[in-house]
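Overview (structure and organization)
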Amino acid sequence: MSADLTSSRAATIPERPSLDGLEDKWGQVWAEQQTFAFDREAALAGPRSQVFSIDTPPPTASGSLHMGHVFSYTHTDCMARYKRMAGFNVFYPIGWDDNGLPTEKRVQNFYGVRGDASLPHDPDFVPPHRGDAKSLRAGDAMPISRQNFIELCDELTVEDEKAFESLFRRLGQSFDWDISYRTIDDHSRATAQQAFLRNLARGEAYQAEAPGLWDVTFQTAVAQAELEARDYPGAYHRVAFHPAGNDGPTEPVFIETTRPELIPSVVALIAHPDDERYAGLFGSRVRSPLFGVEVPVVAHPLAEIDKGSGILMCCTFGDLTDVIWWRELQLPTRSVITRQGRVQAETPEWIAGGPGAELFGELAGKTVHSARELVVAALRETGDLDGEPKPTQRKANFYERGEKPLEIVTSRQWYIRNGGRDADLNAKLIGQGQSIDFHPSFMQARYANWVAGLNGDWLVSRQRFFGVPIPVWYPLDADGDPVWDSPILPSEESLPIDPVSQAPEGYDESQRGQAGGFTGDPDVLDTWATSSLSPQIAAGWRSVDESGAVTTDPVFEKVFPMDVRPQGHDIIRTWLFATVVRAYFEHGTVPWTNAAISGWILDPDRKKMSKSKGNVVTPEDVLREHSADAVRYWAASGRLGTDAAYDVGQMKVGRRLAIKVLNASKFALSFGEAEAGVQRSGEAEAGVQRSGEAEAGAQRSGDVEGDLAAQVTNPLDRALLAGLRDVVEKATSGFESWDYTRSLEVTETFFWTFCDDYLELVKDRAYGSQGDAEAASARATLRIALDVVLRLLAPFLPYVTEEVWSWWHDGSVHLTSWPSVDEVAVAGDAVDPAMLAAVGAALATVRKSKSEAKLSMRAEVARITLAGPEQLLDHVRAGEGDLRSAGRITGPLELVPAEAWGASDVELIPVEKPKPQQ
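All values reported here derive from a predicted model rather than from experimental measurement.

**Digging into the environment of Arg639**
Looking at the secondary structure, you find Arg639 in the loop between α17 (628–636) and β28 (644–645). What makes Arg639 partly exposed here is its relative accessible area of 33%. Measuring from C-alpha to C-alpha, the distance between Arg639 and Gly203 comes to 42 Å, with 436 residues separating the pair along the chain. For Arg639, the residues in contact, after removing those within four places along its chain, are Asp739, Tyr740, Thr741, Arg742 and Glu745. Engagement of the side chain of Arg639 in a polar contact is seen with the side chain of Asp739, the distance being 3.2 Å.

What follows is the structure in structure tokens.
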């Protein structure tokens, strides 16, 4: 396919128009001509108001895209195409979110490997599997070095991203493919590290030893935003705590717990301050069963009076409430569960030498489940278990991608302040959300509620491999221990760096791990810590000039803050909020002025469609079967913020619409050219971009020529254009209010009326049955209407509209101007748009009479009386000529008033069938 197809002359109308091959044909043209490229020079030369910038979600590169991606990315693309036609210079980048746990999990399943930081790099390593290792148990995966694992991650994500790009191109996404990034590439890593170092310098990032959520399967810390509460089978155990021989209780105190294996880590018993059953115990002490450790009985309002026995065991740490109690009541730390999800091997000092030391030796190294069984058996043997465990479904916190409940372990981690522990900052970040226009507006409350409910800062360190390294080293003291409070930081010019494989300035590699030397931080940043900088990454907030100095790309101030962030509602708490936090700290502003929030795609059981649930439909075959335009039609039929069902039937409707655009356009353009004022090659109205226009380069080829509009004299034609004027107004209003679905609905409704009523009514007149002037009026109207309707449909059906546009226009329909109401205005007296509907209803009544008589639509009507609403009959009289032609009414036609349309006194003349030849 030549790239010159749309640049020199209009294409020939094919004899049999088809949707087949349009994606390949026009995809190649758009790529070769860079149809959707952002005009950097125009942006730098013009005001910010001429640019529309989009913070495009970088999809996670871990497998394949699904229909949920098609759904939400189509929404954004429709808006991008509209804004481009409305005269904006559209900044529409695309990135790939390829660092983080999802990628690592896919690599493990694909190659049958797992990372092991203790192993050396093998430059000749060949993975044991390729694509067929998913059924392997985790323990059977081959351990490989950190660097070998990273290399496999990089290899696989590159291949996945090629497939993603191919699908997005086929879908018709109008990204500027020259503005792309990977969240693991050098530019993204340097940007993320620079932002982190600046957070650290301003005191917004800090390191702390603290209890945190830990996933034992993935061996990494987990942030609050990544939690998922799930029902988990358990059992309540009624356990006795004993008097400590002081002024406290004289009888056992019974608690009920689902985690008896944590009795070795108990630090207090806690009841509500208003619980009269335990009021006399506050301030006293009791001894734990089995281990005999003294713990206080204290009061706290978070204790639930009506839960179990009303008095609870506080352990370090069983759940997040334990963490609150531990912090607010200043309780000791007695952790016994390790990062591996097992009981620690060494007997802790508060148990050593006591009655439970031997039992703890049996627990050492056991999994949580095995330890629970041992403890319960011991409680049963000593009589400290009152009755048998009672089965229950308990709520447990899971990592959103994990399969086992999270543990809470104490470790040193990095945090970024997010208002979870600072009321003033919390209020400011809620205020930032109020500066963003959410679409739909009720999504703003989800943002505010999430921020208000935070109870801790943003944990940004992860104990993984494929991510952006935390750019910090630590000096080692004379004993070889890290000096955590004196980190060694790189210069911004040296970024990106990997402290695990690079030595800091002033040191050499031989000093790594040696007393007086250094050690690199082994952790990486949470994937959200990089993707939360997507506006800065795409727009060049960090750039390096020819001399190597760190600077900012001048285009940054022309696109930031961006105009819109499109995304799903489930990641308001993660991606959206995290991006607001980073922009507030670095720029003192919101990252974008609008947030367009898509709903979910639901499977037939009304469940969210997602890869993790295994209920996804991959789009490749769907696009081939129904066409990209049909799939886009289905996606655009779903409004922002509303969940939508995966609906093949809706795609079939979209395909029918696209085919009708081809066939109806061919028919409408078949009536001749010169008389209809067809655009001439070389004229400004024919798609030649006007230089220096204020619309930031939007072509004006869609403007209707004055002589063409002047030929529209017939009242039915004028009624069509009056109705189209209303459609243009409503479709434009829909896009401007972020209701593109409304824009599609009104345009589609008009188009079917155009096809089913108008084309049928005027085709004889367009062929010349009523003289040259009437023919010219019909032909001009057909071309004006088609010109406008194609542009109204272009954001939704980019392929079929581009194809039809090429039959009679130069240039791309997607670079023409969005239609205005003035384009469909005709001189003279105003006309009622209802006229077309009235004449169309009269024609439908005539056809119904033929159908009821079981005659062909070609049958002549020798006589008919049409009854209809009185206020519409004058419209029918004005269009009687077209009605007679379309309905083949050759005899008397009488119009009488009635409440509803109907026909009587009908006399039909069947069409004679040709006699067979002898």
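**Structural notes on the packing of helix α4 (residues 101–111) against helix α5 (residues 146–171)**
In the contact formed by α4 and α5, the axes pass within 9 Å of each other and the chain directions differ by 95 degrees. As judged from the angle between their axes, α4 and α5 are roughly perpendicular. Of α5, the residues touching α4 (which contributes Thr103, Glu104, Arg106, Val107, Gln108, Phe110 and Tyr111) are Phe149, Leu152, Cys153, Glu155, Leu156, Thr157 and Asp160. Of the residues belonging to the contact of α4 with α5, the class tally is seven nonpolar, three polar and four charged.

**Some remarks on the side chain of Ser598**
Note that Ser598 resides in strand β26 (residues 594–598). Ignoring any residue separated from it by four or fewer positions in sequence, one finds Ser598 in contact with Ser72, His75, Gln567, Gly568, His569, Leu640 and Gly641.

**With respect to the sheet that holds strand β29 (residues 860–868)**
The pairing of strands in a sheet comes from backbone hydrogen bonds and takes either a parallel or an antiparallel form. The strand order across the open sheet formed by three strands is β30-β29-β31, and the pairing between neighbours is mixed. What marks the edges here is a single partner per strand, and that holds for β30 (893–897) and β31 (902–909). Taking each pair of neighbouring strands and ignoring which way they run, the sheet shows an average axis angle of 5 degrees. Direction of pairing for β29 relative to β30: parallel, over a ladder of five bridges. Its bridge partner lying in β30, Ile864 is registered against Leu893. Sitting on the sheet, helix α24 (residues 834–852) is in contact with β29 and β31, with an inclination near 125 degrees to β29. Running at roughly 160 degrees to β30, helix α25 (residues 870–878) makes contact with β29 and β30 of the sheet.

**A short note on the pattern of salt bridges**
Pairing between side chains becomes possible if they bear opposite charge and their charged atoms approach one another. Summed over all chains, the structure comprises 50 salt bridges. Glu586 is the salt-bridge partner of Arg198, the closest N and O atoms lying 3.1 Å from each other. Placement of Arg198 in helix α6 (residues 186–201) and of Glu586 in helix α15 (residues 572–587) is noted, with a sequence separation of 388 residues between them. By relative accessible area, which is 26% here, Arg198 ends up partly exposed. The salt bridge involving Glu880 is made with Arg884; its shortest N-O contact spans 2.9 Å. Here Glu880 pairs with Arg884, and both are found in helix α26 (residues 880–887), just four residues apart, close to one helical turn. Take Glu880: its relative accessible area is 25%, and that puts it in the partly exposed class. Sharing partners across several salt bridges, the network here consists of Arg198, Arg202, Glu204, Glu492 and Glu586.

Definitions and cut-offs
Residues numbered from 1 in each chain as written. Predicted model: local features only at pLDDT ≥ 70, side-chain atom pairs only at ≥ 80, totals over all residues. Heavy atoms only, no water. Helix = DSSP H or I, 4+ residues; strand = E, 2+ residues; numbered from the N terminus. Buried < 20%, exposed > 50% of the residue type's maximum accessible area, 1.4 Å probe, protein only. Contact = heavy atoms within 4.5 Å. Polar contact = N/O pair within 3.5 Å; in protein donor to acceptor, adjacent residues only side chain to side chain. Axes fitted to C-alpha atoms, helices over the stretch in contact; angles between N-to-C directions. Parallel < 35°, antiparallel > 145°, perpendicular 65-115°, else oblique. Nonpolar A, V, L, I, M, F, W, Y, C, P; charged D, E, K, R; others polar. Pairing = 2+ DSSP bridges. Salt bridge = Lys/Arg side-chain N within 4 Å of Asp/Glu carboxyl O.

The values are spatial; any link to function lies outside them.
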